[in-house]
Every structure is written in C-alpha cells, then in structure tokens.
Amino acid sequence: MKRILRNSISSVLVLCMMASMLSAFATTAQPGGTRSSAYLDSYMAATTVESNGSVTVFVSVDAVVNATKIGARDIYLYESTNGVDFTCVKHFNYLSYPYMMGSGWHYSRDAVTYNGTAGRYYLANVYVYAANSTGSDSRLYSTAIAH
C-alpha cells in the first residue's frame, strides 16, 4: 500500500514538473514573447572614452522584421566633470550622421565619435529605431557612465 501511494505521488509530481516546463517553453516560443516591440527584438548601446578624451558610442539593434531603416535615430551625448551633474554637449541625428542608420535585420557598429575632454565623464541617451513599410518603433537606451 505504501509503495502504491509513493509511486502515485511521484507520478503526480513528475507530471506537474513536465506541465510546468511545457508551459514555460510555450510562453517563450510564442511570437513576441521576448521581443521589445513588433519591430525591435533587442538593443543596447555603450559609451567608451579613450585616454585622449575621444568618446565613441557603440550601438547594436536587432529587428523583428527586415528593416529598411535600423540603427540609432538620435544620440544625445552628456558630459560631466564630477560624474554626477551632466550637461548635453552634442546631439547626433541620423539625417546629419547617416552612419547611424543601416538596413536589414541587424545594426552593430560604432555609430558616432566625439572629441571630448580627457578626464571627463560621459554617457549617452540613444534612441534605437527600426522601420519598414508597415511602420516603425523607437526606444530609449541610456548607456552607463564612462570615464
């Protein structure tokens, strides 16, 4: 009797674990399950500062669709002397800086470079973008502070 009860409880636990795993798999396998939007799949940006003060903003964007435009729509670069109080020192727009935008499923490159001042702190607010003939989407990504 104890053996039958133990086997029954074990079977129920195994079935519960399998149902839980299948449910989790189905949730992540659905279209849009981990996507940022109908156009943007994932994105990130990073700011780096060289010892001479040269600042580079790297941008990476993955699209859900084959995009006619993909990359950074706008980049706002901020500078600080103390790492706390930041002031916008440069605004980059893809119309003036076409290297910030590409096409296809993926964009990944150093989007802009700025001649900064050695010893200062920098961060960027990057508006990533993806578009095709059906529409577009843009999201804000703020980089970490670079020094």
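Just so we're clear, the structure is a prediction, and the values are computed from it rather than from any experiment.

The rules we used
Residues numbered from 1 in each chain as written. Predicted model: local features only at pLDDT ≥ 70, side-chain atom pairs only at ≥ 80, totals over all residues. Heavy atoms only, no water. Helix = DSSP H or I, 4+ residues; strand = E, 2+ residues; numbered from the N terminus. Buried < 20%, exposed > 50% of the residue type's maximum accessible area, 1.4 Å probe, protein only. Contact = heavy atoms within 4.5 Å. Polar contact = N/O pair within 3.5 Å; in protein donor to acceptor, adjacent residues only side chain to side chain. pLDDT = per-residue confidence, 0-100. Salt bridge = Lys/Arg side-chain N within 4 Å of Asp/Glu carboxyl O. Phe/Tyr/Trp six-rings, centres within 6.5 Å; stacked < 30°, edge-to-face > 60°. Lys NZ or Arg CZ within 6 Å of the ring centre and 35° of its normal.

What follows concerns the overall build of the protein. Per the secondary structure count, the protein includes 1 helix and 6 strands. From first element to last, N terminus to C terminus, the protein shows the α and β order α-β-β-β-β-β-β. In the protein, buried positions account for 35% of the 147 residues. The contacts in the protein between residues at least 6 apart in sequence include a share of 62% that link residues at least 24 apart.

All right, on to the side chain of T47 then. Following the sequence through the fold, T47 ends up in strand β1 (residues 40–49). When its relative accessible area of 10% is taken as the criterion, T47 is described as buried. A polar side-chain atom of T47 sits 2.8 Å from a polar atom in the side chain of T143. Among all residues touching T47, those that are not within four sequence positions of it are V55, T56, V57, Y122, L123, A124, T143, A144 and A146.

With respect to the helices, strands and loops of the structure, C88 is situated in strand β3 (residues 87–93). Given a relative accessible area of 37%, C88 falls into the partly exposed group. Separated by 10 residues in sequence, C88 and Y78 place their C-alpha atoms 4.2 Å apart. Apart from residues lying up to four places away in sequence, C88 is in contact with Y76, L77 and Y78.

Moving on: the confidence of the model for the protein. Chain-level statistics for the protein give a pLDDT mean of 84 and a share of 76% at 70 or above. The secondary structure element of the protein with the lowest average pLDDT is helix α1 (residues 2–29), at 44, and the one with the highest is β3, at 98. In the predicted structure, residues 11–34 sits below a pLDDT of 50 and forms 2 contacts with residues beyond four places in sequence or in another chain.

Now for the environment of S108. Relative to the elements of secondary structure, S108 occurs in strand β4 (residues 101–115). With a relative accessible area of 37%, S108 lands in the partly exposed category. For the pair formed by S108 and G71, sequence separation is 37 residues and the distance between their alpha carbons is 7.8 Å.

Bringing the pattern of salt bridges into the picture now. On inspection of all chains with the given rule, the structure shows 3 salt bridges. Of the charged contacts, one joins R73 and D74 as a salt bridge, the two residues approaching to 2.8 Å between their closest N and O atoms.

Moving on to the packing of aromatic side chains. Counted under the stated rule, the structure contains 4 aromatic pairs. Here the aromatic rings of Y43 and Y141 are separated by 6.3 Å at their centres, their planes lie at 90°, and the arrangement is edge-to-face. Here Y141 lies in strand β6 (residues 135–142) and Y43 lies in strand β1, a separation of 98 residues in the sequence. Residues F92 and Y97 carry aromatic rings whose centres are separated by 5.0 Å and whose planes lie at 70° to one another, so their mutual orientation is edge-to-face. Since its relative accessible area comes to 2%, F92 is described here as buried. The lysine or arginine in question, K90, covers the ring of F92, its NZ or CZ lying 5.6 Å from the ring centre. Here R109 stacks its cationic end above the ring of Y99, 4.7 Å away from the centre of that ring.

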